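Reading the structure
One-letter residues, chain by chain:
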Amino acid sequence: MLPHQYPRRILLCVSGTSPQIITETLFALAVETEGRPIFLPTEVRVLTTSKGAEQARLSLLAEDRNMFRRLCRDYGLHGIHFDASCIEVFRGVDGQPLEDILSPGDNELAADHITRVVAELSRDENAAIHASIAGGRKTMGFYLGYAMSLFGREQDRVSHVLVSEGFDGHREFFYKPPRPVTLRNPVTGWEMSTSDARIHLAEIPIVRLRSNEFEAVSSRSMGFSEAVERANRRAGGGDGLHLTIRRDPGGFASTIEARIGGEALELTQPQAFLLHWFALRRIEGMTQPGREWVSRGAFRYPRGTAKGLGYLDELYRLAESYGPQSSALQSLQQGLEGNDTGSERMREPIRWLEPLLSKINRAIRKATGSVGVGQYGLITEGQRGKIRYRLAMPPERIRIEPNPASAERTTPY
């Protein structure tokens with residue numbers, strides 16, 4: 001669908017002390033469209049400071065002024081939701097409204113607010129967003145445009161409204177009325193007619209990172225800097241990402257954490273343990289586990305467990321190094337108890353691990369995007385019946401921080 005065909009159509013504006021850009025943009029979208037399809041918003045959202053909010057309320061919504069309602073009445077624009085609740089004010093670290101954006105800290109707060117609003121609005125697949133970057137401080141427009149690049153979809157647009165000289169920024173000019181009005185030029189003092197005013201909409205192309213499978217920034221709670229950092233990470237800039245695995249001692253058991261590019265992967269302890277094992281194999285350059293393994297000799301298994309499956313030797317050695325109470329060891333024992341070498345499940349033992357592999361890749365996908373799984377996750381090699389698994393992350397980008405209690409060991413087997 002084209003933007004004007006979506007059931008929910010949002011005009012999103014950043015605004016300062018000149019709220020005229022809101023009505024001017026609406027006029028260009030819905031009245032004098034210069035050949036474009038009419039985009040009639042179903043709602044208007046404004047992001048601004050406390051000063052900007054006051055100006056918008058007094059100029060656009062107050063009963064004695066109400067320039068927004070006048071525009072809608074003059075040109076028959078119906079069904080647009082816009083009231084005081086649609087005006088959002090940036091807030092400081094203390095929770096108080098920001099009167100203006102003057103410091104780097106103020107800019108950061110405004111950027112985070114804008115990013116979260118765009119991320120949230122873009123969640124609705126039945127909505128099309130038209131973002132105007134014409135109002136407010138220049139940084140506000142930049143942040144809105146950048147956020148649209150991060151989260152914008154094919155139906156979303158970014159624009160800047162252009163108003164002819166003399167009318168641009170005029171305190172009494174909000175749109176071009178059907179009946180001409182005479183205004184005084186604030187610079188020259190000359191009289192001028194609104195019939196001569198020209199309002200143009202300059203649509204600004206954006207690179208839609210989200211449409212390029214940029215799933216890693218789909219979290220609606222992150223701020224601007226974090227979103228940009230993830231965007232750079234997803235783009236694979238610099239030397240690429242690193243996988244860091246750290247074990248911390250804890251009495252009878254160790255805990256383990258895995259991070260990619262400094263971001264913690266959402267893994268259970270058994271899942272992190274399995275990723276640790278694949279990382280060690282990748283570093284050592286060992287043959288990757290697959291369904292055609294042969295025995296390396298039994299190690300130590302629970303009663304009734306299949307014996308002689310070489311990869312289980314490694315898993316048990318690593319799990320036992322975590323400690324007798326570790327969830328990794330307990331999960332391994334529970335998963336294998338009651339199986340014997342004659343069972344269909346144990347003839348192809350990797351099947352027991354495949355659900356864990358899928359969950360590990362899901363966590364990696366969340367941190368790096370769909371393409372990131374092929375670059376950093378667990379991948380398959382070989383043909384059917386001889387499928388093997390390995391970690392795609394290059395060995396030189398894997399960092400193992402061992403349990404200090406056993407730091408002298410480089411590998412657990």
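In what follows, the accompanying structure is described.

The rules behind the values
Residues numbered from 1 in each chain as written. Predicted model: local features only at pLDDT ≥ 70, side-chain atom pairs only at ≥ 80, totals over all residues. Heavy atoms only, no water. Pairing = 2+ DSSP bridges. Helix = DSSP H or I, 4+ residues; strand = E, 2+ residues; numbered from the N terminus. Axes fitted to C-alpha atoms, helices over the stretch in contact; angles between N-to-C directions. Left-handed = near helix turned anticlockwise from the far one by under 90°. Contact = heavy atoms within 4.5 Å. Buried < 20%, exposed > 50% of the residue type's maximum accessible area, 1.4 Å probe, protein only. Salt bridge = Lys/Arg side-chain N within 4 Å of Asp/Glu carboxyl O.

What to know about the sheet that holds strand β8 (residues 199-203)
Spatially, the 6 strands line up as an open sheet ordered β3-β2-β1-β4-β5-β8, and their pairing is mixed. The open sheet has two free edges, formed respectively by β3 (87-89) and β8, since each of these has just one partner strand. Here the strands of the sheet are splayed against their neighbours by 25° on average, with no regard to which way each runs. In the sheet, strand β1 (residues 8-15) pairs with strand β2 (residues 43-48) via 6 bridges, with the strands oriented parallel. For V14, the partnering residue across the bridge sits in β2 and is L47.

Re the packing of helix α4 (residues 104-121) against helix α5 (residues 138-151)
Two numbers describe how α4 lies on α5: the axes approach to 9 Å, and their chain directions differ by 35°. You can see that α4 and α5 cross each other, and the crossing is right-handed. Between α4, through N107, A111, I114, T115, V118 and A119, and α5, the contact on the second element is made entirely by T139, M140, Y143, L144, A147, M148 and F151.

Describing helix α1 (residues 20-30)
Counted residue by residue, α1 has 11 buried out of 11 residues, so it is predominantly covered. Along α1, the residues classified as buried are Q20, I21, I22, T23, E24, T25, L26, F27, A28, L29 and A30.

Regarding the environment of T42
Within the fold, T42 resides in the loop between α1 and β2. The spacing of T42 and P7 is 35 residues in sequence and 8.1 Å in space, taken between C-alpha atoms. Sequence-distant contacts of T42, defined by excluding residues within four places in its chain, comprise P7, R8, R9, G79, I80 and H81.

Side note on the pattern of salt bridges
One pass over the full model with this rule turns up 15 salt bridges. Between E34 and R36 there is a salt bridge whose closest N-O contact spans 3.7 Å. Since its relative accessible area comes to 24%, R36 is described here as partly exposed. Notably, a salt bridge pairs E172 with R65, separated by 3.4 Å at the nearest N-O pair. Of the two residues, E172 sits in the loop between β5 (157-163) and β6 (182-184) while R65 sits in the loop between α2 (50-61) and α3 (67-75), which places them 107 residues apart along the sequence. Its relative accessible area of 22% is what places R65 among the partly exposed residues. Residues joined in a network through salt bridges with shared partners are R8, E43 and D124.

Brief notes about the side chain of N107
Looking at the element boundaries, N107 is found in helix α4. Look at N107 and you get buried, because its relative accessible area is 15%. Once residues lying within four places of it in the same chain are set aside, the contact partners of N107 are I101, T139 and Y143.

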